[in-house]
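Structure assessment
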Amino acid sequence: MQGFADRTAIVTGAASGIGRALAEALARAGASVVLADLDAAGAAAVAARLVGEGLRARAAALDVASAPAVRELVEDTAKSAGRLDYLFNNAGVGLVGEAHELAPAEWERVLDVNLRGVLHGVLAAYPLMVRQGWGHIVNTASLAGLAPSPHLTAYAASKHAVVGLSTSLRAEARAHGVRVSVACPGYVRTGIVERTRMVNADRARAAAEVAWLGLSPEACARAILRGIRRNRGVIVVGGHARLVAALARWAPWLAELLAARLAARYRRVVRREPNGGGDR
């Protein structure tokens, strides 16, 4: 399974950000791509642009929190193409706030999309790929799935779970000829700060705090696809992310100390008292 030419791929969360960049790069590398997103109009616009370039792409409306909908898309795609080579479980949502101020429903929404959405994709595609004897599942996690991420606790919990799911399944899937990778990018300039729900936080200040960081979605997608070609199990994207991930692995006490200092800065700079701003 070297390269992407003449392969069939599904990318979730493909209307914008990393998902859009992945779908575009795959199509331009010769793959036939299904762009799936809750934002059906956005996915359709990207797909139409790719088709206009003479590439193979189509859009599909999809809520990854719905297991039947994910299963239907995977099965229909495989039936139409005769196989499914790649599934990119990329859709995700963010949530910023102090853990003790987050409502249970807010935790559930993050877990529904970021963890259960990935699981729905795996449960739909993995048995099919085992029957094929090949295939590659790529789950998008985050640096927050590898290192302490204060004020992103719900998000980090979901991403740590995705890392554990991916690395464990990868070891199991080798016997069946199926590959599994997990992408762990640091901050990527996707507009996520503008879309993320923030509880008692100043959005403009939060954006300013990370403005100096980050890769473009296109650079992130290139790094992920490079890691897939090399069959990397964990693909850490970005110099800053690689540094922090290494620190968390080899000096966890220091990573925790630095995270605590970041948390203190958040409270000084970004946090707003309840009813003083943010989304609540």
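See the structure above.
Values in this document were obtained by computation on a predicted structure and should not be read as measured data.

**Some details on the overall build of the chain**
Check the secondary structure of the chain and you find 10 helices and nine strands. Relative to the globule expectation of 19 Å for 280 residues, the C-alpha radius of gyration of the chain, 19 Å, shows essentially globular dimensions. For the C-alpha atoms alone, the extent of the chain along its principal axes is close to 55 × 40 × 30 Å. Burial status across the chain gives 49% buried among its 280 residues. Of the contacts formed within the chain by residues at least 6 apart in sequence, a portion of 72% connects residues at least 24 apart. Of the roughly 12700 Å² that the chain leaves accessible, carbon and sulfur atoms contribute 56%.

**Side note on unusual backbone geometry**
A positive phi angle, near 70°, is found at His-151, a position not held by glycine. Within the element layout of this structure, His-151 appears in the loop between β6 (135-140) and α5 (153-173). Despite not being glycine, Asn-231 shows a phi value in the positive range, around 55°. Along the chain, Asn-231 turns up in the loop between α8 (217-229) and β9 (234-237).

**Description of a positive patch on the surface**
A contiguous patch of positive charge on the surface is contributed by Arg-222, Arg-226, Arg-229, Arg-230, Arg-232 and Arg-242. Among the elements that take part in the positive patch, α8 stands out by supplying three residues, more than any other. Residue placement: Arg-232 occurs in the loop between α8 and β9. When its relative accessible area of 44% is taken as the criterion, Arg-232 is described as partly exposed.

**A closer look at helix α2 (residues 40-52)**
With 13 residues, α2 should reach 18 Å at 1.5 Å per residue; the first-to-last C-alpha distance of 18 Å fits that figure. Restricting attention to buried positions, one finds in α2 the residues Gly-42, Ala-43, Val-46, Ala-47 and Leu-50. Buried residues in α2, looked at end-on, bunch into an arc of 130°, giving them a common side. Exposed side of α2, more than 90 degrees from the buried face: Ala-41 and Gly-52 are the residues found there. Those residues of α2 that are buried lie in contact with α1 (17-28), β2 (32-37) and β3 (57-61). At the C-terminal side of α2, Gly-54 shows a positive phi close to 85°.

**Describing the pattern of salt bridges**
Once their charged atoms are close, side chains differing in charge can pair, the charge on each being opposite to the other. Tallying each qualifying case throughout the model produces 16 salt bridges. Of the charged contacts, one joins Arg-20 and Glu-24 as a salt bridge, the two residues approaching to 2.8 Å between their closest N and O atoms. Highlighted residues: Arg-20 and Glu-24, both in helix α1, separated by four residues, approximately one helical turn. No difference in accessibility class separates Arg-20 from Glu-24, as the two residues are buried. We note a salt bridge from Arg-49 to Glu-24, for which the minimum N-O separation is 2.4 Å. Pair noted here: Arg-49 is in helix α2 and Glu-24 is in helix α1, with a separation of 25 residues, a long-range link.

**Some remarks on the sheet that holds β9**
The strand order across the open sheet built from seven strands is β3-β2-β1-β4-β6-β7-β9, with neighbouring strands paired in parallel fashion. The open sheet terminates on both sides in strands that have one partner only, identified here as β3 and β9. Ignoring strand direction, the axes of neighbouring strands in this sheet form an average angle of 15°. Both strand β1 (residues 8-12) and β2 contribute to a ladder of five bridges, which runs parallel. Counterpart to Ile-10 in the pairing with β2 is Val-34. Lying on the sheet, α1 is in contact with β1, β2, β4 (86-89) and β7 (178-185); it crosses β1 at an angle near 165°. Packing of helix α4 (residues 104-132) onto the sheet brings it into contact with β4, β6 and β7, and relative to β4 it is tilted by some 170°.

**Overview of the packing of aromatic side chains**
Inspection of the entire model under this criterion finds two aromatic pairs. Among the aromatic residues, ring-to-ring pairing joins Phe-4, Tyr-86 and Phe-88 into one connected group.

Definitions and limits used
Residues numbered from 1 in each chain as written. Predicted model: local features only at pLDDT ≥ 70, side-chain atom pairs only at ≥ 80, totals over all residues. Heavy atoms only, no water. Helix = DSSP H or I, 4+ residues; strand = E, 2+ residues; numbered from the N terminus. Rg over C-alpha atoms; globule rule 2.2 N^0.38 Å. Buried < 20%, exposed > 50% of the residue type's maximum accessible area, 1.4 Å probe, protein only. Contact = heavy atoms within 4.5 Å. Areas by Shrake-Rupley, 256 points an atom, 1.4 Å probe, with all protein chains shown as cover. Patch = residues over 30% accessible without salt bridge, like charges linked within 9 Å, V, L, I, M, F, W, Y side chains within 5 Å. Salt bridge = Lys/Arg side-chain N within 4 Å of Asp/Glu carboxyl O. Lys, Arg positive; Asp, Glu negative; His and termini not counted. Charge placed at Lys NZ, Arg CZ, Asp CG, Glu CD. Expected span 1.5 Å × (residues − 1). Arc of directions from axis to C-beta. Pairing = 2+ DSSP bridges. Axes fitted to C-alpha atoms, helices over the stretch in contact; angles between N-to-C directions. Phe/Tyr/Trp six-rings, centres within 6.5 Å; stacked < 30°, edge-to-face > 60°.

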